[in-house]
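Listed here are the chains, written in short residue letters.
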Amino acid sequence: MTELQPDGTTRDDTHDDTHDDTVSGREQMRAQIVEVAAGLLAAGGRDAVSTRAVAAAAGTQAPTIYRLFGDKDGLLAAVLEFGFAKYLADKPPLDPTADPVADLRAGWELHIGFGLANPALFLLMYAGTPPGRRPAAAEAGLAILRTRIRNIAAAGRLRVDEALAADLVHAAGTGAVLALLAVPEERRDPRLADTMFDAVVTAITTNQVQTRNTGPTTAANALRAQLPDLAMLTDGERHVLDEWLNRITH
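All values reported here derive from a predicted model rather than from experimental measurement.

Visitor: Explain the overall build of the protein chain to me, please; I cannot follow it from the model alone.
Guide: Summing up its helical and strand segments, the protein chain has 11 helices and two strands in all. In the protein chain, the order of α-helices and β-strands from amino to carboxyl end is β-β-α-α-α-α-α-α-α-α-α-α-α. In the protein chain, which comprises 250 residues, the share counted as buried stands at 36%. Of the accessible surface of the protein chain, which amounts to about 14,400 Å², a share of 54% is contributed by carbon and sulfur atoms.

Visitor: Looking at this structure, I do not really get the packing of aromatic side chains. What am I missing?
Guide: Any two aromatic rings considered together are summarised by their centre-to-centre distance and by the angle between their planes. All told, the structure shown has three aromatic pairs when counted by the stated rule. With centroids separated by 5.7 Å and ring planes inclined at 70°, the aromatic side chains of Phe 84 and Tyr 126 adopt a geometry described as edge-to-face. Highlighted residues: Phe 84 in helix α4 (residues 72-89) and Tyr 126 in helix α6 (residues 119-126), separated in sequence by 42 residues. Looking at Phe 84, the relative accessible area reads 2%, which means it is buried. When the centroid spacing of 4.5 Å and the interplanar angle of 35° are considered together, the rings of Phe 122 and Tyr 126 count as tilted. Taken together, the positions of Phe 122 and Tyr 126, both in helix α6 and four residues apart, correspond to about one turn of that helix. Three or more aromatic residues joined by ring pairs make a cluster, and in this case those are Phe 84, Phe 122 and Tyr 126.

Visitor: Help me understand the nonpolar core in this model?
Guide: Note on soluble globular proteins: their nonpolar side chains tend to be buried together. Formed by 51 residues in total, the largest nonpolar core has its most connected members in Leu 75, Val 79 and Ile 149. Excluding residues within four positions of it along the chain, Ile 149 makes contact with Leu 104, Leu 158, Glu 162, Ala 165, Ala 166, Val 169 and Ile 204.

Visitor: Looking at this structure, I do not really get the pattern of salt bridges. What am I missing?
Guide: Pairing between side chains of opposite charge can happen when their charged atoms approach one another. A complete count under the given rule lists five salt bridges for this structure. Between Asp 99 and Arg 157 there is a salt bridge; the shortest N-O distance is 3.9 Å. A residue pair is termed long-range when its members are at least 10 positions apart, and Asp 99 in the loop between α4 and α5 (100-117) and Arg 157 in the loop between α7 (136-154) and α8 (162-181) qualify at 58 residues. The partner of Arg 191 in a salt bridge is Asp 189, and the shortest N-O contact between them spans 2.8 Å. The exposure class of Arg 191 is exposed, given its relative accessible area of 57%.

Cut-offs used in this document
- Residues numbered from 1 in each chain as written.
- Predicted model: local features only at pLDDT ≥ 70, side-chain atom pairs only at ≥ 80, totals over all residues.
- Heavy atoms only, no water.
- Helix = DSSP H or I, 4+ residues; strand = E, 2+ residues; numbered from the N terminus.
- Buried < 20%, exposed > 50% of the residue type's maximum accessible area, 1.4 Å probe, protein only.
- Areas by Shrake-Rupley, 256 points an atom, 1.4 Å probe, with all protein chains shown as cover.
- Phe/Tyr/Trp six-rings, centres within 6.5 Å; stacked < 30°, edge-to-face > 60°.
- Core = buried A, V, L, I, M, F, W, Y, C linked by side-chain atoms within 4.5 Å.
- Contact = heavy atoms within 4.5 Å.
- Salt bridge = Lys/Arg side-chain N within 4 Å of Asp/Glu carboxyl O.

Written out as structure tokens, the structure is:
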């Protein structure tokens, strides 16, 4: 009901806080179930995340899970997003240091460490995703990687194009973790991940921080990385220059 107030304004008393409470309770229950499912995944792998087991551990009923997530695949998708959010929360800051390759190594080491510390979650994140369907949180992680690659390009040290460099680092990092997880922990060679990183860095970067005498691709990568800062050019001119530089790097 709308009432006229002494100051001439009106107040609507018809708003019901019950709806807000219901939505809040639903979100809390959803978050609790996802956390419980993530715990079961960590303890027993994907097979441990049954709707019955999750419902029992969360203190609810299976129909609640179906109502909130649709089915087991929907629940696993929510756990997947939870895992990527946890992964991103541990990412080092994007503030670049004097050595962009060292920044890339810091991200690499966190990726390897996260995978080995959370094997079931990592397998779900990187081996349990349907082809062509990358979660939004995974895209956020790749965006951080691409920024680190761009910093290397801006320093004049990238010998291949940025997209290929990012794909190589991502594939190598993920492959290294999966290879290590396939071996019993006591038999894992700790040199594998470091050697893989060194090999990838050798493939995508030059040895010195310079753009001279390193070939047109390196120079083009360096200029392309700084296109957004070329304020003296119009958007159209930057677009054309980007196309030309792209031809050189490919």
